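# Commentary on secondary and tertiary structure
Now for the letters of each chain:
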Amino acid sequence: MQRIVTNNGMVVLALENPAADIIATRIFVKSGSRFEPRYQAGLSHLLSSVITKGTEQLSAGEIAEKVESLGASLGADTTTDYFLLSMKTVSADFSEMLELAGELLRSPTFPEAEVELERRMTLQAIKSQQEQPFTVAFEQLRQAMYQDHPYALSSLGTVETVANLGRGELDRFHHTYFRPDNTIICVVGRITPEEVVNQIEKVFGDWKIPDTPIPTVELPEILAFPHPRITPIPTKQSIVMLGYLTASVNHPDYAALKLINTYLGNGLSSRLFVELREKRGLAYEVSAFYPTRLDASQFAVYMGTAPENTEVALYSLRTEVERLCKIPLKADELQAAKNKLLGQYALGKQTNAQIAQVFGWYETLGLGVGFDRVFPKAVAVVTPEEIQEVASRYFTEPYISLVGPESAVEGLIESSW
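On a predicted model such as this, the values are computed, not experimentally measured, just so you know.

Taking the UniProt record as the reference, the feature "domain: Peptidase M16 C-terminal" (unreviewed entry) is found at residues 166-341. With 41% helix and 20% strand, residues 166-341 has end C-alpha atoms that lie 43 Å from one another.

Next up, the structure:
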């Protein structure tokens, strides 16, 4: 993977892979819901929904027709930590698709009708999520853990914030963050790095760095204050969720936490699945997740269970997590987790699109392309003692989120803990 910085500050990552006549491109902008003011939550998501709906030269229909006539793919998305424009095409059409991508990034018009349509669809999606027990449980867990930090909210935003978003807010956010010195382009496929740079210079070479600096995001401190959140809903199952504030991707504990996540909740052979579903029959579903984040991340375990099992599910989940603080993993257990994690990591870099995504993501998070070599090595040297130390550091008092029938969840915390 070659890394080049252009005269206007764009970071270009390029890898030639002639195996197939496909070029995958990922364009990252360091924006996302982490960069939104609280009162404008959902702004990045709305921007990603309408950025492909019109430019100064092309309408939404003309953009779609251009992409489809080439048999290419084009899409935009946003996450907590970045905006992403994804593109895939055969090599002969790369230059034409790159020109289109450049136009979308630099001169979107955010047509009023398209903004209003996507805004209504986002509001419907938010309301739909509020009817799903798992989403309700995760939302209240996230809000308890992150309070006023942007990570507390879904990238969709809230009904109140999205209702007040319009074209003006999109324009201001776009002008603030969409600039060459805040952009990373990763290209993988049947094209040389030299040709990638030449094509990018043609499309983006005259894109000037604004006089104003990129704003410094002032984020509130995340205070550890575990307290239970309970929402009674007339459903046929209870959702039990525990959360622990943990390390960001830049922390030395990151590899060990990824291994713990794999051991506890990754797949049918994971500890939680085997113990709580297969052996004890407690869970309809059970798993764990530890997302990669720029700021403090969350380690969460959850279970869907019959209402009458809510109390024992809560106790069992906490027991399995905190067991790691007291009992070291056996060498074969840790090795199995390493094999699974590193095997899935390798399988996640098979296609040009996957490679472009992974390396562009690393660069955007400030890890650099060398992290692809650093991470497997860090995983390989983790010891059972380190797993126990890391678990003891983070898995102390959990944040608790319960959603289920009133008879199953009300009063449960007071009686059990």
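Here the focus is unusual backbone geometry. The backbone phi angle of F110 is positive, close to 50°, even though this residue is not glycine. Take F110: it is sitting in the loop between α3 (94-106) and α4 (112-129). Phi is positive for Q147, close to 50°, though the residue is something other than glycine. Judged by its relative accessible area of 26%, Q147 falls in the partly exposed class.

Listed as buried for helix α14 (residues 371-380) are F371, D372, F375 and V379. All buried residues of α14 lie within an arc of 105° about the axis, which places them on one face of the element. Summarising the geometry of α14, the exposed residues directed more than 90 degrees from the buried face are R373 and K377. Where the residues of α14 are buried, they touch α9 (254-265), α12 (331-347) and α13 (352-364).

Conventions and cut-offs
Residues numbered from 1 in each chain as written. Predicted model: local features only at pLDDT ≥ 70, side-chain atom pairs only at ≥ 80, totals over all residues. Heavy atoms only, no water. UniProt positions renumbered as here; feature names shortened; annotations may be inferred. Helix = DSSP H or I, 4+ residues; strand = E, 2+ residues; numbered from the N terminus. Buried < 20%, exposed > 50% of the residue type's maximum accessible area, 1.4 Å probe, protein only. Arc of directions from axis to C-beta. Contact = heavy atoms within 4.5 Å.

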